[in-house]
Amino acid sequence: MDAERITEKLNILADAAKYDVSCASSGSNRKNKDKGLGNASNGICHSYTEDGRCVSLLKILLTNHCIFDCAYCVSRKSNDVKRAAFTVQEVVDLTINFYRRNYIEGLFLSSGIFKDADFTMERLVKVAKKLRTEHNFNGYIHLKSIPGTSDELMREAGLYADRLSINLEMPTEAGLKLLAPDKDRKDMIGPMNFLSKEITRYTEEKKIFKKTPLFAPAGQSTQVIIGAGPENDQQILQTANHFYKNFNLKRVYYSGYVPVLYDKRLPGLNTAVPMVRENRLYQADWLMRFYGFNVNEIVNDNQPLLDLDIDPKLGWAIRNMEAFPIDINKADLQMILRVPGIGILSAKKIVSARKFGKLDWDQLKKIGVAINRAKYFITCKSSEFERRDLTGANIKQFILAESKSKYLKNVQTQLSIF
């Protein structure tokens, strides 16, 4: 290995990979076996696991050469940037060497498109296969699949990778045609649909045959870019909801567009998407996935944009004041989950604890309830914070006055050309 040249490639291709946010991963149950390297059971990739542990991975592109000219991509073929490409063996060697030095716990590998989808995807799969079969590597591997890849390669990828993902890139087909006219939505949908069916098939076979091999045990995910096109929050979340329901996705990642290139179709170079918008979309996504909210309760034709000042759960509550206050000692779990300031674990603790007696504010606080928010929407054994006759607007102002969010500091208005 030419160390100087490899270092140069690494600098170029690691930097180009930073715009892909869909590498935070969890849920794989691949175990270390036969005294192999690594263990993927706790998740990977500069993210936080459920137990609060920070994990890391080697996140690179195989190449930043690309045959496409997507307006929002720093690696677009018309952009004048330094190009580089790893060989399959170079990626394998880097992964193993970094792992042995305890720098990483796995690999996130994406790529520009060399020649066509299968030509590129075949090389990504070879990396994963070599790591698994030649080095007995049992650490986490996430492959960013190439749109338009054949079913045969997608099946092989699923046998070696823990997670596979295909970026939708733009939330709507119209947005994709505007900013990436060379790409076809069908090339993204086909492999995603195939993966969904294969993951289900292997899961069912595993119930019958214990020796059925693992197939993408951490599932599949996707990423959408927000702020590059004209899509509003309703369109973005409706797209996410559709893919959760029909493709059994583990995650949809929302990536705020980073202005890196001038293009008349894109927002100006000094108009980065506010971090708070990205954060609100993740909060709304969480409500859909874990709190039982329908997407139309969060955003709809009358409310197509998320309120950047408050989280979407609080936004729903103050638009539906007729549903409150609820008696925390009597309400069912699903209603308790809709109270601002009460999370999933706290809601379950409330339901369990009230079996032994009625709960008051002190007990709720010990359970983990954010009283400064919840007090406007619930009643309990104590009348210390008995709800006053307040409107939703009043409550919003009171909560904003008490809250200090890191996402609301130095927020600039995003300009739009649409």
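Basis of the calculations
- Residues numbered from 1 in each chain as written.
- Predicted model: local features only at pLDDT ≥ 70, side-chain atom pairs only at ≥ 80, totals over all residues.
- Heavy atoms only, no water.
- Helix = DSSP H or I, 4+ residues; strand = E, 2+ residues; numbered from the N terminus.
- Buried < 20%, exposed > 50% of the residue type's maximum accessible area, 1.4 Å probe, protein only.
- Contact = heavy atoms within 4.5 Å.
- Areas by Shrake-Rupley, 256 points an atom, 1.4 Å probe, with all protein chains shown as cover.
- Pairing = 2+ DSSP bridges.
- Axes fitted to C-alpha atoms, helices over the stretch in contact; angles between N-to-C directions.
- Polar contact = N/O pair within 3.5 Å; in protein donor to acceptor, adjacent residues only side chain to side chain.
- Phe/Tyr/Trp six-rings, centres within 6.5 Å; stacked < 30°, edge-to-face > 60°.
- Salt bridge = Lys/Arg side-chain N within 4 Å of Asp/Glu carboxyl O.
- Arc of directions from axis to C-beta.
- Patch = residues over 30% accessible without salt bridge, like charges linked within 9 Å, V, L, I, M, F, W, Y side chains within 5 Å.
- Lys, Arg positive; Asp, Glu negative; His and termini not counted.
- Charge placed at Lys NZ, Arg CZ, Asp CG, Glu CD.
- Core = buried A, V, L, I, M, F, W, Y, C linked by side-chain atoms within 4.5 Å.
- Right-handed = clockwise from strand over helix to strand, strands pointing away.
- Parallel < 35°, antiparallel > 145°, perpendicular 65-115°, else oblique.
- Nonpolar A, V, L, I, M, F, W, Y, C, P; charged D, E, K, R; others polar.
- pLDDT = per-residue confidence, 0-100.

Scanning the chain for helices and strands turns up 15 helices and 10 strands. Buried residues in the chain amount to 51% of all 418 residues. Look at the contacts in the chain between residues 6 or more apart in sequence, and 68% of them connect residues 24 or more apart. Accessible area for the chain stands at about 20300 Å²; split by element, carbon and sulfur atoms hold 50% of it.

Next up on the list: the sheet that holds strand β8 (residues 251–256). Within a sheet, neighbouring strands are paired by backbone hydrogen bonds and run either parallel or antiparallel to one another. Taken in spatial order, the 6 strands make up an open sheet running β3-β4-β5-β6-β7-β8, and their pairing is parallel. Because the sheet does not close on itself, it has two edges, and the strands there are β3 (58–61) and β8. If you compare each strand with its neighbour and ignore which way they point, the axes differ by 20 degrees on average. When strand β6 (residues 163–165) meets strand β7 (residues 220–226), the two strands line up parallel, connected through 2 bridges. Across the sheet, residue Ser165 finds its bridge partner in β7, namely Ser221. Taken strand by strand, helix α2 (residues 88–100) contacts β3 and β4 (106–110), and its axis lies near 165 degrees from that of β3. Taken strand by strand, helix α6 (residues 185–208) contacts β6 and β7, and its axis lies near 150 degrees from that of β7.

Turning our attention to the side chain of Glu169. Position of Glu169 among the secondary structure elements: in the loop between β6 and α5 (173–179). In terms of polar contacts, Glu169 uses its side chain to reach the side chain of Lys183, at 2.7 Å. Every residue in contact with Glu169, bar those within four places of it in the chain, is listed here: Cys70, Tyr72, Leu176, Lys183, Met188, Gln223, Val224 and Ile225.

Both the distance between ring centres and the angle between the ring planes are used here to describe each pair of aromatic rings. Applying the stated rule across the entire model yields 11 aromatic pairs. A centroid spacing of 4.9 Å and a plane angle of 25 degrees characterise the contact between Phe243 and Phe247, whose relative ring orientation is stacked. Of this pair, Phe243 and Phe247 are both found in helix α7 (residues 233–247), 4 residues apart, which corresponds to roughly one turn of the helix. Looking at Phe243, the relative accessible area reads 5%, which means it is buried. Taking relative accessible area as the criterion, Phe247 reaches 6% and is therefore assigned buried. When the centroid spacing of 4.5 Å and the interplanar angle of 55 degrees are considered together, the rings of Trp286 and Phe290 count as tilted.

Another point: the pattern of salt bridges. Overall, the coordinates contain 21 salt bridges when judged by the stated rule. Lys9 is paired through a salt bridge with Glu90; the nearest N and O atoms lie 3.0 Å apart. Of the two residues, Lys9 is situated in helix α1 (residues 3–16) and Glu90 in helix α2; the sequence distance between them amounts to 81 residues. Of the residues examined, Glu90 reaches a relative accessible area of 15% and is grouped as buried. Lys207 is the salt-bridge partner of Glu204, the closest N and O atoms lying 3.2 Å from each other. Highlighted residues: Glu204 and Lys207, both in helix α6, separated by 3 residues, approximately one helical turn.

This paragraph deals with helix α12 (residues 344–353). One full turn of an α-helix is made of 3.6 residues, so residues set three or four places apart face in the same direction. All of the buried residues along α12 are Ser346, Ala347 and Ile350. One side of α12 holds all its buried residues, which, seen down the axis, span an arc of 100 degrees. In this fold, the buried residues of α12 make contact with α11 (333–336) and α13 (361–367).

Another aspect to go through is the pairing of β7. Counting buried positions over the 7 residues of β7 gives 7, a clear majority of the element. With burial as the criterion, each face of β7 is covered, one bearing Gln220, Thr222, Val224 and Ile226 and the other bearing Ser221, Gln223 and Ile225.

A contiguous patch of negative charge, built from Asp116, Asp118, Asp151 and Glu152, is present on the exposed surface. Examined against the element boundaries, Glu152 turns out to sit in helix α4 (residues 151–160).

Once that is clear, we can look at the nonpolar core. In terms of nonpolar packing, the biggest core is built from 113 residues, with Tyr72, Leu237, Leu364 and Phe377 touching the most fellow members. Sorting elements by how many residues they give to this core places helix α3 (residues 117–133) first, with 7 residues. With residues up to four places along the chain from it excluded, the contact list for Leu364 reads Ile328, Ile350, Leu359, Val369, Ile371, Ile378 and Cys380.

What follows deals with the pairing of strand β5 (residues 140–144). β5 sits mainly inside the fold: 5 of its 5 residues count as buried. Across the two faces of β5 the burial is the same, with Tyr140, His142 and Lys144 and Ile141 and Leu143 all buried. As paired strands, β4 and β5 are joined by 4 bridges and run parallel to one another. By the bridge assignment for β5, Phe108 is matched with His142. In the classification by handedness, the crossover that spans β4, the intervening α3 and the parallel β5 is right-handed. With α4 bridging β5 and the parallel β6, this β-α-β connection has right-handed handedness.

At their nearest, the axes of α1 and α2 sit 12 Å apart, and the two run at 90 degrees to each other. By the angle between their axes, α1 is roughly perpendicular relative to α2. Between α1, through Ile6, Lys9 and Leu10, and α2, the contact on the second element is made entirely by Glu90, Leu94 and Phe98. Tallied by class, residues from the contact of α1 with α2 come to 4 nonpolar, no polar and 2 charged.

Another point: the confidence of the model for the chain. Low-pLDDT portions of the prediction should not be read for the details of their coordinates. Counting all residues, the mean pLDDT for the chain is 87, and 87% of those residues have values of 70 or more. At the level of individual helices and strands, the chain shows its lowest average pLDDT in strand β1 (residues 47–48), which scores 47, and its highest in helix α9 (residues 295–298), which scores 98. Within the model, the stretch residues 37–45 combines pLDDT values under 50 with 48 contacts to residues more than four positions away or in other chains. Every residue in residues 409–418 is under pLDDT 50, and counting partners more than four places away or in other chains gives 20 contacts.

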